[in-house]
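A look at the structure
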Amino acid sequence: MATPAEALQLILDQVAPLPAVRLPLSEALGLAAAEDLHSTAQVPPFTNSAMDGYALRAADLATATPATPVRLRVLGDLAAGAIPTCAVGSGEALRIMTGAPLPEGADTVVPVEQTLRGEGWVDVLHLLRPGLHIRHAGEDLQLGQRLVAAGHRLRPGDIGALAAAGLAVLPCHPRARVAVLTTGDELVDVSEQPGPGRIRDANIHALCAQVAASGAQPMPFPRVPDEPATLLRVLEEAAGADMILTTGGISVGDYDFMKRMLEELGARRVFWKVAQKPGGPLGFWMLGAKPVFGIPGNPVAAMLMFEEYVRPALRQLMGYANRHRPVAEAALEGGWSGKVGDGRTTFLRVVARREDGRLKARLTGPQGSAILSSMLLANALAVIPAGVDRIEPGGPVTLHLTEENEDH
Ligand code: AMP
Ligand code: MG
């Protein structure tokens with residue numbers, strides 16, 4: 001049986017990023033850049049005014065004070081988007097708006113608030129350091145400058161800089177389409193009142209939400225009964241996606257057909273079972289280049305498996321350089337005790353908070369693999385290594401910070 005670390009490595013060894021596509025900038029948010037991206041222009045493209053005011057020569061203002069203003073002749077108006085048609089000489093000024101190109105001869109802009117305006121003239125009330133309120137060509141971004149590294153997840157701020165730098169179309173790894181299948185004769189839709197022996201299908205919603213939260217596109221499939229022929233047919237259909245996730249039917253029950261049907265379809269088994277609680281019977285296959293996860297049906301186990309194994313794989317598939325959540329040490333208030341001797345790593349749902357500069361965590365409630373209420377408050381997973389059966393109150397635990405962006 002693979003340890004959690006081994007299982008993750010086995011998965012990441014198999015998953016290759018989806019081939020890059022060239023996408024319009026408007027579709028790139030949240031995707032990974034497929035290459036280093038460089039500016040195709042200098043920004044700003046020309047030297048321009050940073051204020052609404054007057055473009056002038058700072059040397060003219062040597063004697064300016066509120067009591068002895070310097071009067072300059074105003075040559076005209078220049079709006080943003082217009083081009084200056086005259087140069088500014090000594091004793092002259094051009095009224096200029098923010099973003100308008102600096103006219104030749106001017107070296108400084110005085111903000112309108114520091115002036116008094118007349119008919120054809122302006123009084124400047126203060127002297128100014130030469131070069132003030134001017135934005136120089138290329139002072140923000142230079143032509144050829146690297147803006148974003150390959151594998152970086154594009155955020156709104158990146159999109160803005162890329163737009164200013166002229167990257168209308170850019171190479172990205174596409175949003176992965178993830179088929180999500182839930183299996184079980186007992187399952188009914190969330191909108192239905194479950195009849196005797198039936199329960200609502202929590203996994204289809206939980207897993208699709210996790211897929212979407214990972215930046216990928218979920219493709220929910222209709223629930224699959226515990227019936228081999230139907231399962232095989234749905235799996236064939238799901239093979240059109242970039243990744244397949246199934247829940248249920250992966251254990252050793254009489255109606256657990258998932259392994260057999262995946263292999264009948266031609267999927268190559270990489271491993272089945274991870275030495276962990278909750279969620280042991282996770283299986284991972286490759287169907288050609290397509291990763292396939294067979295996830296156990298218990299809802300908490302399923303979500304935890306997604307968090308620990310599917311999400312890193314999905315990030316690798318989508319070309320993100322960083323695949324792992326931040327890890328931190330915390331004091332486990334209240335401690336924990338469990339069974340030793342089964343060689344399994346235990347994952348505990350905890351709520352972590354910072355207090356006096358230290359991270360403290362406590363269990364969110366009962367930790368059974370079907371206890372969804374423990375997910376409501378959780379913002380981290382505490383990882384208890386195999387062989388540890390006890391954490392004293394306040395003792396140290398390692399956390400995976402599941403609400404924070406991947407940082408490594
Ligand atoms: P299985 O992995 O199919 O043996 O299912 C294990 C447990 O998880 C059983 O109690 C199932 O009823 C439950 N379960 C399986 N699939 C789902 C689902 N989609 N939503 C909620 N519970 C499920
Ligand atoms: Mg089942």
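Basis of the calculations
Residues numbered from 1 in each chain as written. Chains lettered and ligands numbered in written order. Predicted model: local features only at pLDDT ≥ 70, side-chain atom pairs only at ≥ 80, totals over all residues. Heavy atoms only, no water. Near = heavy atom within 4 Å. Polar contact = N/O pair within 3.5 Å; in protein donor to acceptor, adjacent residues only side chain to side chain. Areas by Shrake-Rupley, 256 points an atom, 1.4 Å probe, with all protein chains shown as cover. Nonpolar A, V, L, I, M, F, W, Y, C, P; charged D, E, K, R; others polar. Helix = DSSP H or I, 4+ residues; strand = E, 2+ residues; numbered from the N terminus. Buried < 20%, exposed > 50% of the residue type's maximum accessible area, 1.4 Å probe, protein only. Core = buried A, V, L, I, M, F, W, Y, C linked by side-chain atoms within 4.5 Å. Domains from an automatic or database assignment. Contact = heavy atoms within 4.5 Å.

As for the site of ligand 1
The local shell around ligand 1 holds 15 residues, among which E186, D201, A202, G249 and G297 are the closest. The contact in question runs from a nitrogen atom of ligand 1 to an N or O atom on the backbone of A202, over 3.0 Å. G249 is positioned with one of its backbone polar atoms (N or O) 3.0 Å from an oxygen atom of ligand 1. The fraction of the free accessible surface of ligand 1 (480 Å²) that becomes covered by protein chains is 76%. Across the shell around ligand 1, the residue classes break down as 5 nonpolar, 7 polar and 3 charged.

Considerations on the side chain of E92
Following the sequence through the fold, E92 ends up in strand β6 (residues 92–96). Classification of E92 as buried rests on a relative accessible area of 16%. A polar side-chain atom of E92 sits 2.9 Å from a polar atom in the side chain of R73. Reaching out from E92, the side chain makes a polar contact with the backbone nitrogen of G89 at a distance of 2.7 Å.

Things to note about the nonpolar core
Among the nonpolar cores identified, the biggest contains 51 residues, and V178, M243, L245, F293, I295 and Y309 are the most heavily contacted of them. In terms of residue count, helix α6 (residues 299–317) provides more of this core than any other element does, 8 residues in total. When residues of this core are sorted by domain, at least three fall in each of domain 1 (4–18 + 175–317) and domain 2 (21–43 + 140–173). Among the nonpolar cores identified, the runner-up in size contains 21 residues, and L232, I250, W285 and L287 belong to it.

A word on the environment of A137
Counting through the fold element by element, A137 comes out in the loop between β10 (134–135) and β11 (146–148). Sequence separation between A137 and V292 is 155 residues; the distance between their C-alpha atoms is 51 Å. Ignoring anything within four residues of it in the chain, the contact list for A137 reads Q42, P44, P45, F46 and T47.

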